[in-house]
Amino acid sequence: MNHDNGISRNRLEQGRSLLLAIGLIGIASSAWAQNRVVDTVHNLSAGGPGQVRAVSERQVCIFCHAPHNTSGLRPLWNRELPTSNYLIYQSSTLDAQPGQPTGASKLCLSCHDGTIALGQVLSRTDRIRMVGGEFIPAGLSNLGTDLSDDHPISFVYTSGLAASDRQLVDPSTLPDEVPLDAAGELQCTSCHDPHNNTHGDFLVLRQQYGELCRACHDMTGWQDASHRTSSAQVGGSQTTDWPYSSVGENACRACHRSHTAAGKERLLIHENEEDNCLDCHGGQGAGKNVLTDINKISAHDPRRYLHKHDPAEEPLISEAHVECSDCHNPHAAASQPPQHVYIPIGDTMRDVRGVSIGGVGVDRATYEYEVCFRCHGDTAVEVPRRIYRQSETANLRLKFSPSNPSYHPVAQASPSFFSPSLVPGLAEGSLIRCTDCHNSDTGRQGGGANGPHGSIYDFLLERNYSTRDNTTESSFEYAMCYKCHERSSILSDESFPLHSLHLEENTPCSACHDPHGITLTRPTPSDHTHLINFDVLIVRPYNGQMIYRDDGMGAGSCTLTCHGEEHDNLTYRR
């Protein structure tokens with residue numbers, strides 16, 4: 001029995017080896033078969049392998065070259081040149097200055113812009129008749145005269161350009177396979193060899209792992225980026241034309257298309273920016289499903305915006321919007337392992353812009369809150385169901401300022417020696433991040449995507465936080481507060497002697513406490529320590545006054561009206 005199994009295994013291994021050998025021979029033969037123009041679709045003769053070919057013409061080279069009666073252009077060019085006025089690629093981040101096509105690119109366009117018949121050659125009086133169409137068929141190979149959705153060509157690629165762009169390699173380091181023309185211009189022939197189709201699409205290098213793109217493009221952060229290293233399998237989308245099976249193998253091709261790109265300005269596969277992300281992060285490919293989150297009632301939903309984000313925009317944006325690339329740099333973002341200690345910013349937000357606590361734009365945020373301040377700082381967006389307070393501003397940059405009378409420790413740890421009722425393990429002086437509160441409800445707790453993509457709770461909070469007046473206290477109603485502030489300590493008045501009384505009277509935490517902080521730029525008569533900044537729809541003035549006075553450790557007074565009860569300099573002492 002064992003002996004037979006051994007023979008079977010040997011035969012199986014021999015069979016696998018034979019199949020592997022046959023496969024390798026097949027691959028090698030296929031590649032070899034494509035390294036001569038006669039074996040490629042550029043052989044338009046009657047014997048050519050493509051669907052588009054001559055009816056009877058047997059010469060292979062005549063469609064481009066002829067020994068006599070040609071245009072006079074090198075290399076013995078046998079076609080007229082197009083006279084079209086092309087729309088040229090433009091981008092706010094393009095430092096090169098492409099003009100109308102020149103040089104070899106114009107030779108390529110004599111077929112690929114679709115304006116000149118394939119069989120219209122100079123050395124023949126009559127047009128060579130074709131089967132499969134007289135002109136290049138519609139599709140990715142027919143570029144048309146609108147080149148605004150194609151990789152820029154016919155521009156001078158200099159060291160100065162590389163230095164200005166900062167994400168292009170110096171032209172002196174280009175591999176031999178990626179040549180510039182005699183004028184130092186990048187042309188179609190920098191990426192394509194019309195006589196050799198070994199790598200497919202007549203490319204001079206493989207697209208796998210972005211090999212061809214990276215010959216010129218040296219994107220900051222790419223070396224460690226998840227989009228370079230991920231082995232996650234893809235292939236569920238019918239619209240992306242991914243040639244390889246994993247994210248890392250597709251690399252640049254996972255999001256970009258060099259020709260006829262729907263998202264013209266960045267040569268993205270899809271016009272809607274987020275669709276390029278959701279192809280993987282919508283439940284297929286990537287491990288986390290962000291689409292599920294942005295469909296929730298409280299969400300940063302990029303589908304609300306189109307063509308609003310620009311990589312060249314100022315860090316402090318003037319028109320609020322939220323696209324995926326406002327918070328994530330797809331060329332640098334990396335997976336963030338679970339952390340049990342404070343880190344200033346996660347790897348998913350590498351190399352993105354931000355605004356410092358001082359209001360200065362930074363090209364590379366070093367704290368998570370700096371990214372949030374782009375929209376929730378000086379150009380603060382309106383937040384649904386926001387709470388209007390005694391000292392009012394929507395500018396969270398001002399609310400978190402360390403110069404304030406109180407603030408949650410996002411930009412700086414609290415200098416106070418008394419942080420009330422912290423849960424075990426959370427030490428006084430700890431720092432927190434915006435995403436400790438604002439996060440997907442299924443992120444940290446449910447195995448979903450971590451980050452403020454969407455939540456079933458108001459204010460895009462990780463947990464429930466009831467702000468309605470007359471809310472009956474429970475661990476669920478104030479789950480967000482109780483994440484850090486121990487419920488049993490609060491209810492037993494360990495920090496404030498009237499906590500339990502207020503909660504028993506169904507007063508929400510938010511009636512008195514402003515969770516972000518209180519800025520001195522909006523002065524009021526109150527002291528505003530202990531994050532006290534009254535909700536003016538619940539708390540009302542008494543005799544025209546709404547004042548909280550801090551009288552030192554565990555002591556203070558209130559002058560206000562709440563739930564119909566008048567607090568006339570009502571004092572407390574612990």
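Residues numbered from 1 in each chain as written. Predicted model: local features only at pLDDT ≥ 70, side-chain atom pairs only at ≥ 80, totals over all residues. Heavy atoms only, no water.

## What to know about the overall build of the chain
Within the chain, the secondary structure is distributed over 14 helices and 14 strands. For the chain, whose C-alpha radius of gyration is 33 Å, the value lies well above the compact-globule estimate of 25 Å for 574 residues. The principal-axis extent of the C-alpha atoms belonging to the chain is close to 105 × 75 × 40 Å. Per-residue burial for the chain yields a buried fraction of 41% across its 574 residues. Counted over contacts in the chain with a minimum sequence separation of 6, partners at least 24 positions apart contribute 52%. Per element, the accessible surface of the chain, about 29300 Å² overall, is 54% carbon and sulfur. The centroid of the 45 positive side-chain charges in the chain is displaced by 5 Å from the centroid of its 68 negative side-chain charges. (Helix = DSSP H or I, 4+ residues; strand = E, 2+ residues; numbered from the N terminus. Rg over C-alpha atoms; globule rule 2.2 N^0.38 Å. Buried < 20%, exposed > 50% of the residue type's maximum accessible area, 1.4 Å probe, protein only. Contact = heavy atoms within 4.5 Å. Areas by Shrake-Rupley, 256 points an atom, 1.4 Å probe, with all protein chains shown as cover. Lys, Arg positive; Asp, Glu negative; His and termini not counted. Charge placed at Lys NZ, Arg CZ, Asp CG, Glu CD.)

## A short note on the nonpolar core
Grouped together as the largest cluster of nonpolar side chains are 16 residues, with contacts concentrated most on F155, Y157, L161, V178, L205, L212 and C216. Look past the residues within four positions of C216 in its chain and what remains in contact with it is Y157, Q167, L168, V169, L174, V178 and L186. (Core = buried A, V, L, I, M, F, W, Y, C linked by side-chain atoms within 4.5 Å.)

## Topic: the pattern of salt bridges
One pass over the full model with this rule turns up 28 salt bridges. The partner of R303 in a salt bridge is D301, and the shortest N-O contact between them spans 2.9 Å. Residue classification places R303 among the partly exposed positions, given a relative accessible area of 36%. A residue is classified by how much of its surface remains accessible, and D301, at 9% relative accessible area, is buried. Put simply, R397 and D378 hold a salt bridge, and the shortest N to O gap is 2.6 Å. With R397 in helix 11 (residues 396-399) and D378 in the loop between helix 10 (368-376) and helix 11, this residue pair connects regions lying 19 residues apart in the sequence. Three or more residues are tied together by salt bridges with common partners; here these are E265, R266 and D310. (Salt bridge = Lys/Arg side-chain N within 4 Å of Asp/Glu carboxyl O.)

## Thoughts on the side chain of D113
Looking at the element boundaries, D113 is found in the loop between helix 2 (103-112) and strand 2 (130-131). This buried residue, D113, is left without a salt bridge; R79 holds the nearest opposite charge, at 7.6 Å. There is a polar contact of 2.6 Å between the side chain of D113 and the side chain of Y86. Apart from the residues lying within four places of it in its own chain, the contact partners of D113 are P82, S84, Y86, N142, G144 and T145. (Polar contact = N/O pair within 3.5 Å; in protein donor to acceptor, adjacent residues only side chain to side chain.)

## Concerning helix 10
Most of helix 10 is tucked away, with seven of its nine residues classed as buried. When helix 10 is considered as a whole, its buried residues turn out to be E368, Y369, E370, V371, F373, R374 and C375. If you follow the buried residues of helix 10, they end up packed against helix 9 (324-327), strand 6 (354-355), strand 7 (361-362) and helix 11.

## So, the confidence of the model for the chain
Mean pLDDT for the chain: 91, with 93% of residues reaching 70 or above. Counted against residues more than four places away or in other chains, residues 1-29, with its pLDDT under 50, gives zero contacts. (pLDDT = per-residue confidence, 0-100.)

## Quick notes on helix 7 (residues 273-281)
Within helix 7, burial applies to E273, E274, N276, L278, D279 and C280. Buried residues in helix 7 make contact with helix 6 (247-250), helix 8 (290-294) and helix 9. Downstream of helix 7 by a residue or two, G283 has a phi angle that is positive, lying close to 110°.

## Description of the side chain of R79
Within the secondary structure layout, R79 lies in the loop between strand 1 (53-54) and helix 2. A distance of 3.0 Å separates a polar atom in the side chain of R79 from the backbone oxygen of S110. Among the polar contacts listed, one links the side chain of R79 to the backbone oxygen of L118, at a separation of 2.8 Å. Beyond its immediate sequence surroundings of up to four residues, R79 is in contact with F63, C64, S71, S110, C111, I116, A117, L118, Q120, V121 and L122.

## Quick word on the packing of aromatic side chains
Each aromatic ring pair is summarised here by two numbers: the centre-to-centre distance and the angle between the ring planes. The tally for this structure, following the rule as stated, stands at seven aromatic pairs. Pairing Y478 with Y482 gives two aromatic rings, centres 6.4 Å apart and planes at 90°, and the pair type is edge-to-face. We classify Y478 as buried; its relative accessible area is 0%. (Phe/Tyr/Trp six-rings, centres within 6.5 Å; stacked < 30°, edge-to-face > 60°.)

## Observations concerning unusual backbone geometry
Here R74 and P75 are connected by a cis peptide whose omega angle stands at 0°. Relative to the helices and strands, P75 resides in the loop between strand 1 and helix 2.

## With respect to the environment of H528
Mapped onto the fold, H528 is located in the loop between strand 10 (517-518) and strand 11 (539-540). Taking C-alpha positions, H528 is 9.8 Å from Q390, a pair spaced 138 residues apart along the chain. Among all residues touching H528, those that are not within four sequence positions of it are Q390, S391, P405, S406, I518, N533 and Y548.

## Concerning the environment of Q100
Counting through the fold element by element, Q100 comes out in the loop between strand 1 and helix 2. Among the residues examined, Q100 registers a relative accessible area of 34% and is labelled partly exposed. Considering only alpha carbons, one finds Q100 and S154, 54 residues apart in sequence, at a separation of 7.3 Å. Residues within four places of Q100 in sequence aside, it is in contact with S84, N85, Y86, I88 and S154. Polar side-chain contacts of Q100 include one of 3.3 Å to the side chain of N85.

## Describing the pairing of strand 12 (residues 547-550)
Pairing of strand 12 with strand 13 (residues 555-562), which is carried by four bridges, proceeds in the antiparallel orientation. Within strand 13, the residue paired with I547 across the bridge is T559. (Pairing = 2+ DSSP bridges.)

## What about the pairing of strand 14 (residues 565-573)?
Of the strand pairs in this sheet, strand 13 and strand 14 are connected by seven bridges, and their pairing is antiparallel. When the bridges of strand 14 are listed, T561 appears paired with E566.

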